[in-house]
Amino acid sequence: MRIKLLAVGTKMPRWVEQGYKEYAQRMPTLCALDLIEIQAKKRGKNADTARILRDEASALQEAVPKGALTIALDRKGKHISTDDLAKHLQNWIDESQDVAIMVGGPEGIDSNFLNQVPMKWSLSAMTFAHPVVRVMLAEQLYRAWSINASLPYHRGD
């Protein structure tokens, strides 16, 4: 099974690239994490944000691998714990289920598209800059895998 992180935005700061890479490379081949960057549409002073979000949602949708379980990260999504993520990850591995996790741009993901996505998760009640989410999600996926593998990385409950 493979996990595809579909993220709006390219040319991230070096620290974002390094942070993401640090955790993505720790993931075993069994559940590899791959980043697919979606070109963000140009935003300006009088930008048509609704159109931009629709265009980015269309690009996200096109990038979802056929047969992949689709999850959108959204501040209004379901809150899941690290332990819940570990359970999901183990189920995906057991079922050989490919997964596509989507991260929107500065304004998030188009609400009409979000309504079509079967699973919506929130990383926190707080709002994070979309580049930071890449690093956080990669770390949480590695942490979930380490829990399942009984590695000492996770020292929570």
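Please refer to the structure placed before this passage.
Predicted model only: the values in this text are computed from it and were never measured.

Asker: So what's going on with the sheet that holds strand E3 (residues 69-79)? Residues and values would help.
Answerer: Sheet strands pair via backbone hydrogen bonds, and the direction of the pair is either parallel or antiparallel. Taken in spatial order, the 5 strands make up an open sheet running E2-E1-E4-E3-E5, and their pairing is parallel. Strands at the two margins of the open sheet, each flanked by one partner only, are strand E2 (32-38) and strand E5 (119-122). Averaged over all neighbouring strand pairs, the angle between strand axes comes to 30°, with direction disregarded. By the bridge criterion, 7 bridges tie strand E1 (residues 2-8) to E2 in an arrangement that is parallel. Bridge pairing links Leu-6 to Ile-36 in E2. Along the sheet, helix H3 (residues 82-94) contacts E1, E3, strand E4 (99-103) and E5; its crossing angle with E5, the most-contacted strand, is approximately 145°.

Asker: Could you give me a rundown of helix H1 (residues 14-24), with the residues and numbers involved?
Answerer: Within H1, the full set of buried residues consists of Val-16, Gly-19, Tyr-20, Tyr-23 and Ala-24. Along the long axis of H1, the arc covered by the buried residues comes to 125°, so they all point the same way. In H1, the exposed positions that point more than 90 degrees away from the buried face belong to Arg-14, Trp-15 and Lys-21. Residues of H1 that are buried in the fold lie against E1, E2 and helix H5 (130-148).

Asker: Describe the pairing of E1, with residues and values.
Answerer: Taken across its 7 residues, E1 has 6 buried, putting it largely inside the fold. Taken together, E1, H1 and E2 form a β-α-β motif whose crossover is right-handed. Across 5 bridges, E1 lies against E4 in parallel orientation. Looking at E4, one finds that Ile-3 is bridged to Val-99.

Asker: Give a description of the side chain of Glu-139 that names residues and reports values.
Answerer: Mapped onto the fold, Glu-139 is located in helix H5. With relative accessibility at 13%, the residue Glu-139 sits in the buried group. Dropping the residues within four chain positions of it, Glu-139 is found in contact with Tyr-23 and Tyr-153.

So, how was this worked out
Residues numbered from 1 in each chain as written. Predicted model: local features only at pLDDT ≥ 70, side-chain atom pairs only at ≥ 80, totals over all residues. Heavy atoms only, no water. Pairing = 2+ DSSP bridges. Helix = DSSP H or I, 4+ residues; strand = E, 2+ residues; numbered from the N terminus. Axes fitted to C-alpha atoms, helices over the stretch in contact; angles between N-to-C directions. Contact = heavy atoms within 4.5 Å. Buried < 20%, exposed > 50% of the residue type's maximum accessible area, 1.4 Å probe, protein only. Arc of directions from axis to C-beta. Right-handed = clockwise from strand over helix to strand, strands pointing away.

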